[in-house]
Amino acid sequence: MNASLLSFSLAAVLRRKAKSFALGGGLAFAVALVSAVLFLTGSLRSEAERAHAAHPDVVVQRLVGGRPTTIDEGARAKVESLPSVRRVVPRVWGYVFLPSLQGNVTIVGSPPGDAPLSVANGTLAEGRDLAPGAHEMIAGEGLARFLGMRPGDELGLPASDPRAKPMKLVGTFTSSLDLWTADVIVCDDADARALLGIPDGQAVDLAVHLSNPNEARVVAGAVLDQLPGARVIERDLLARVYHLAYGRRAGLVLGASLPALLALLVLAWDRASGVGPDERREIAVLKAVGWSTADVLWAKLFESLLVGAAATALGVLGAYAWVFWFGAPGLRPALVGWSVLYPTSRLTPAVDAGELLGIVLVVLGPFALLSVVPAWRAAIADPSESMRG
């Protein structure tokens, strides 16, 4: 019997193509928008979690007037003397604005004695590593492609320091993290200082690596005792900041979209809850030929489930294609919050099955139940009155 009811419901959906298309199209759009925000947020959080392992256990910055400034490299010895501290690396890095691109590139200086690719958390894709003092650079593969550069090309970056020289691209690197390849240029420490205007003996921050990462909070407190006025950022705290930032931006996007979503749901409710004269006559004929009220209700429920399930599946698939195949155009800048170069990088799918199940239940449940009450009212009415009406 259920198979017969399902077949009848499918035929009813096909008979009322215009209504089914209007309901399904509006519902699919709403599902696609919500799913796309969830997919993009999950992908960005996954990217941040993968970057978590590449960050130092503790980062020490110096504050002046509540704002970060350069820190004296002499503070390195004080931090290295603390228990559990394995290594302290003064880092020279910053942003340079390229007017031709209307975006920033990230300059990272390679400390003397360190392998440049270890600084970039990547592996060489093309060319070779840096030669110290030769005014050379290696760039993320995505950035080099964006700039249209190949090994052997030279790039002059804007800088106020006359020591800054044009640098030759000698190699590109790749990484499992788009964060490291999208806008990063690695160069010699001296070239980075000249480009960023950082004097010798100063660093942007200190990267602290611990023997036992679980002691990060204890070490952070000890650093503050040794360096009053410093700001200490723990790796786990940075991960929580990323999660909160992406969650807040996703909430803002969904909040801004709420009026449109509500309008679509009201339209769906109005279209699905109304039983027109043709449908009332159809229900009256079914009752006249022996259908029970339960049969009529099951048929209408199946009809709503067919439309709702198709719309939900179409919306989820559309959201997946929008985010992971096309890069979420129009939506990504609202959530990413990075420079103009980063949104060109590829998104890695990170889909939460629980979130998908929640979308299906929240959408299909109310949508299917909308049709039960008006169908019940039509089914309990006198068939002769319904056919005359």
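Predicted, not measured: the structure shown is a model, and the values here were computed from it.

The next point concerns the overall build of the protein. Along its length, the protein carries 15 helices and 14 strands. Residues counted as buried form 44% of the 389 residues belonging to the protein. Across the protein, every contact between residues at least 6 apart in sequence was considered, and the portion connecting residues at least 24 apart equals 80%. Total accessible area computed for the protein in this model is approximately 19300 Å², and 62% of it derives from carbon and sulfur atoms.

Structurally, Val108 can be placed in strand β6 (residues 103-110). We classify Val108 as buried; its relative accessible area is 17%. Sequence separation between Val108 and Arg193 is 85 residues, and the spatial gap between their C-alpha atoms is 9.5 Å.

Glancing now at the packing of aromatic side chains. Under the counting rule described, the total for this entry stands at 6 aromatic pairs. Aromatic pair Phe39 and Phe324: ring centres 6.0 Å apart, planes at 35 degrees, arrangement tilted. Here Phe39 is found in helix α2 (residues 17-52), whereas its partner Phe324 is found in helix α11 (residues 293-325), with 285 residues between them in sequence. Note on Phe39: relative accessible area 3%, which makes it buried. Ring pairing ties together the aromatic residues Phe39, Tyr320, Phe324 and Trp325, which thus form one cluster.

Here we take up the pattern of salt bridges. Applying the stated criterion across every chain yields a total of 9 salt bridges. Between Glu80 and Arg76 there is a salt bridge whose closest N-O contact spans 3.4 Å. Pair noted here: Glu80 and Arg76 are both in helix α3 (residues 75-80), with a separation of 4 residues, about one helical turn. Overall, the relative accessible area of 36% leaves Glu80 in the partly exposed class. For Arg76, a relative accessible area of 34% translates into the label partly exposed. Of the charged contacts, one joins Glu136 and Arg128 as a salt bridge, the two residues approaching to 2.6 Å between their closest N and O atoms. Look at Glu136 and you get buried, because its relative accessible area is 9%.

The next point concerns a nonpolar patch on the surface. On the surface, Leu6, Leu10, Leu14 and Leu306 cluster together into a nonpolar patch covering about 330 Å² of accessible area. Per-element accounting of the nonpolar patch gives the leading share, 3 residues, to helix α1 (residues 2-15).

Time to look at the environment of Pro56. Looking at where Pro56 falls in the secondary structure, it is placed in the loop between α2 and β1 (58-64). Put simply, Pro56 and His209 are 153 residues apart on the chain and 5.6 Å apart in space, counted from C-alpha to C-alpha. The residues touching Pro56, leaving out its near neighbours within four places in the chain, are Arg91, Ala207, Val208, His209 and Arg235.

Next up on the list: the side chain of Thr172. Relative to the assigned elements, Thr172 resides in strand β10 (residues 167-174). Thr172 has contacts with Thr123, Leu124, Ala125, Glu126, Ala139, Glu141 and Ala144, leaving out every residue within four places of it along the chain.

Take Thr312: it is sitting in helix α11. Here Gly308 takes part through its backbone oxygen, which lies 2.7 Å from a polar atom of the side chain of Thr312. Here Thr312 is in contact with Val31, Val360, Val363 and Leu364, once residues within four sequence places are set aside.

Before going further, it helps to examine unusual backbone geometry. Even without being a glycine, Ser84 presents a positive backbone phi close to 80 degrees. The backbone of His135 sits at a positive phi, close to 55 degrees, despite the residue not being glycine. Checked against the element boundaries, His135 lands in the loop between β7 (123-127) and β8 (136-140).

Our focus in this paragraph is the pairing of β10. For β10, the tally of buried residues reaches 6 of 8 residues, placing the bulk of the element in the interior. Examined bridge by bridge, β7 and β10 share 4 bridges and lie antiparallel to one another. Looking at the pairing, Leu124 lines up with Phe173 of β10. Pairing analysis gives 5 bridges linking β8 to β10, with the strands arranged parallel. Directly across from Gly140, in β10, lies its bridge partner Phe173.

Cut-offs used in this document
- Residues numbered from 1 in each chain as written.
- Predicted model: local features only at pLDDT ≥ 70, side-chain atom pairs only at ≥ 80, totals over all residues.
- Heavy atoms only, no water.
- Helix = DSSP H or I, 4+ residues; strand = E, 2+ residues; numbered from the N terminus.
- Buried < 20%, exposed > 50% of the residue type's maximum accessible area, 1.4 Å probe, protein only.
- Contact = heavy atoms within 4.5 Å.
- Areas by Shrake-Rupley, 256 points an atom, 1.4 Å probe, with all protein chains shown as cover.
- Phe/Tyr/Trp six-rings, centres within 6.5 Å; stacked < 30°, edge-to-face > 60°.
- Salt bridge = Lys/Arg side-chain N within 4 Å of Asp/Glu carboxyl O.
- Patch = residues over 30% accessible without salt bridge, like charges linked within 9 Å, V, L, I, M, F, W, Y side chains within 5 Å.
- Polar contact = N/O pair within 3.5 Å; in protein donor to acceptor, adjacent residues only side chain to side chain.
- Pairing = 2+ DSSP bridges.

This is a description of form; function is not addressed.
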